[in-house]
Amino acid sequence: MAQPNPALSPAALNLEPVTDDTRDEVPAAWKDVLQLLRRAAKLAAEHSAETDLFMQAAWAACLDARPGLREQLEDKELRAQLKKLRKRGLIASA
C-alpha cells in the first residue's frame, strides 16, 4: 500500500485544493499545472493505462523535474527509520 508523502502534500506546499469557489484565487501557473495533469490523466484513461503506471510515471517526472528532491526524500526516510530504531533501543544514539 502506498504511503502518503506529507512533505509533498498540498498543505505542505501551501496549495489548497481547487474548487469552483476558489478557482479564481489560484495562480495562473498552478491552473496550467492542474489542466495539464487532468489532460494527462484523461489521455492515460483513454488508452486504458493502469492507474498505478500513470501515478508512477507522474511521480518519476516530478522527481526528475526537481534535482535533489529524490535524495532529500531518501534522507528524510532514513532519518525517520533511524529514529524508530533508536526508540526501540535497537541502535545507539550518537
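Rules of the game
Residues numbered from 1 in each chain as written. Predicted model: local features only at pLDDT ≥ 70, side-chain atom pairs only at ≥ 80, totals over all residues. Heavy atoms only, no water. Helix = DSSP H or I, 4+ residues; strand = E, 2+ residues; numbered from the N terminus. Areas by Shrake-Rupley, 256 points an atom, 1.4 Å probe, with all protein chains shown as cover. Axes fitted to C-alpha atoms, helices over the stretch in contact; angles between N-to-C directions. Parallel < 35°, antiparallel > 145°, perpendicular 65-115°, else oblique. Contact = heavy atoms within 4.5 Å. Nonpolar A, V, L, I, M, F, W, Y, C, P; charged D, E, K, R; others polar. Salt bridge = Lys/Arg side-chain N within 4 Å of Asp/Glu carboxyl O. Buried < 20%, exposed > 50% of the residue type's maximum accessible area, 1.4 Å probe, protein only. Expected span 1.5 Å × (residues − 1).

Caption draft 1: Inspection of the overall build of the protein at higher detail. Helix and strand counts for the protein come out as three helices and zero strands. Its helices and strands in sequence order give the protein the pattern α-α-α, from N to C terminus. Accessible surface, the protein as shown: approximately 8,300 Å² in total, 57% of it carbon and sulfur.

Caption draft 2: Spotlight on the packing of helix α2 (residues 51-65) against helix α3 (residues 69-87). Contact geometry for α2 and α3: axes closest at 7 Å, N-to-C directions at 105°. Of the possible angle classes, the one that applies to α2 and α3 is roughly perpendicular. Note on element contacts: α3 touches α2 through Leu69, Arg70 and Leu73, opposite Trp59, Leu63 and Asp64. Looking at the contact of α2 with α3 residue by residue, the classes come out as four nonpolar, no polar and two charged.

Caption draft 3: Up close: the environment of Phe54. You can see Phe54 is positioned in helix α2. If sequence neighbours within four positions are ignored, Phe54 has contacts with Leu37, Ala40, Ala41 and Ala44.

Caption draft 4: The pattern of salt bridges, seen in detail. Under the defined criterion, the tally for this structure stands at two salt bridges. Across the pair Asp64 and Arg70 runs a salt bridge whose closest N-O atoms are separated by 3.6 Å. In this structure Asp64 comes out as exposed when scored by relative accessible area, which is 57%. For Arg70, a relative accessible area of 36% corresponds to the partly exposed category. Here Arg79 makes a salt bridge to Asp75, at a shortest N to O gap of 3.0 Å. Placement of both Arg79 and Asp75 in helix α3 is noted, with a separation of four residues, approximately one turn of the helix.

Caption draft 5: Summary view of helix α1 (residues 28-46). Across its 19 residues, α1 extends 27 Å between first and last C-alpha, which sits within 8% of the 27 Å expected from 1.5 Å per residue. Positive phi appears at Ser48, one or two residues downstream of α1, with a value of about 55°.

Caption draft 6: Examining the environment of Leu37 more closely. Of note, Leu37 is situated in helix α1. A relative accessible area of 43% means that Leu37 is categorised as partly exposed. Separated by 21 residues in sequence, Leu37 and Ala58 place their C-alpha atoms 8.8 Å apart.

Caption draft 7: Here's a closer look at unusual backbone geometry. Residues other than glycine seldom take positive phi values, yet Ser48 does so here, at roughly 55°. Exposure remark for Ser48: the relative accessible area of 64% places this residue in the exposed category.

By themselves, these figures tell us nothing about what the structure is for.
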